[in-house]
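Residue-level structure breakdown
Okay, here's what each chain looks like letter by letter:
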Amino acid sequence: MNYFQVLGIVFGLAALLKPIYMHVIPWDENKFIAKAYSAKRPAWVVFVVVLGLGLVVFTWYMHLTTEVPYSIVITVLFSLTAIKGLVLLLDYQRFQQWVAGMLQRSRGREIVKVDIAVGVFGAALVLLSWFLY
């Protein structure tokens, strides 16, 4: 297996399973999300974002220095995570307000819709990783 296949499958499975581990397993996921994205940016956010952005940069490095066919597909799809990372780093308050608003409206059903979309994206990523490489 090459780097892009492993990245696509691992990242895709995490996204694919998100609706299950967030909403099917019985626990109060809305309370967890509200605590994870509290009004004051938690210290873990900066660490995780820097780590994630480093992985995106490494992925671009691998794409540019190896000759793996279709590596641009996984590279671009994985790079989409940088958008959320940059928002969390540069405009955390707006992101937190957006999440808090979704949690308040219709008992967090909008969060479920977002997580289902993430799951579909994850399924597509796993399939692409499996069949492209």
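Residues numbered from 1 in each chain as written. Predicted model: local features only at pLDDT ≥ 70, side-chain atom pairs only at ≥ 80, totals over all residues. Heavy atoms only, no water.

Ranked by size, the top nonpolar core spans 13 residues in total, and within it Ile33, Tyr37, Leu88 and Val99 carry the most contacts. Those elements giving two or more residues to this core turn out to be helix H3 (29-36), helix H4 (43-65) and helix H7 (92-104). With five residues, H7 is the single largest residue contributor to this core. Once residues within four sequence positions are removed from consideration, tyrosine 37 is found in contact with Trp44, Lys84, Leu88, Tyr92, Phe95, Gln96 and Val99. Among the nonpolar cores identified, the runner-up in size contains nine residues, and Leu7, Met62, Ile74 and Leu77 belong to it. (Core = buried A, V, L, I, M, F, W, Y, C linked by side-chain atoms within 4.5 Å. Buried < 20%, exposed > 50% of the residue type's maximum accessible area, 1.4 Å probe, protein only. Helix = DSSP H or I, 4+ residues; strand = E, 2+ residues; numbered from the N terminus. Contact = heavy atoms within 4.5 Å.)

Looking now at the side chain of aspartate 115. With respect to the helices, strands and loops of the structure, aspartate 115 is situated in helix H8 (residues 109-132). In this structure the side chain of aspartate 115 is engaged in a polar contact, spanning 2.5 Å, whose partner is the side chain of histidine 23. (Polar contact = N/O pair within 3.5 Å; in protein donor to acceptor, adjacent residues only side chain to side chain.)

Before going further, it helps to examine the side chain of threonine 75. Among the secondary structure elements, threonine 75 is positioned in helix H5 (residues 71-79). What threonine 75 contacts, discounting residues up to four positions off in sequence, is Phe4, Thr59, Trp60 and His63.

What describes a pair of aromatic rings is the distance from one ring centre to the other and the angle between the planes of the rings. Here the structure, examined in full by the defined rule, presents nine aromatic pairs. Summarising the aromatic geometry, the rings of tyrosine 37 and tryptophan 44 are spaced 6.2 Å apart at their centres and angled 50° between planes, so their arrangement reads as tilted. Residue classification places tyrosine 37 among the buried positions, given a relative accessible area of 15%. A connected cluster of aromatic rings, assembled from ring pairs, spans Tyr3, Phe4, Phe58 and Tyr61. (Phe/Tyr/Trp six-rings, centres within 6.5 Å; stacked < 30°, edge-to-face > 60°.)

Here the phi dihedral of tyrosine 70 falls at roughly 65°; this positive angle occurs in a residue that is not glycine. For tyrosine 70, the location among the structural elements is in the loop between H4 and H5.

So, about the pattern of salt bridges. Close approach of charged atoms lets side chains of opposite charge pair. Following the criterion strictly, the structure yields three salt bridges and no others. Across the salt bridge formed by aspartate 115 and lysine 18, the nearest N and O atoms sit 3.0 Å from each other. Linking aspartate 115 in helix H8 with lysine 18 in helix H2 (residues 18-24), this pair joins segments that are 97 residues apart in sequence. Under the relative-accessibility criterion, aspartate 115 is labelled buried at 2%. Put simply, glutamate 110 and arginine 105 hold a salt bridge, and the shortest N to O gap is 2.8 Å. Look at arginine 105 and you get partly exposed, because its relative accessible area is 41%. (Salt bridge = Lys/Arg side-chain N within 4 Å of Asp/Glu carboxyl O.)

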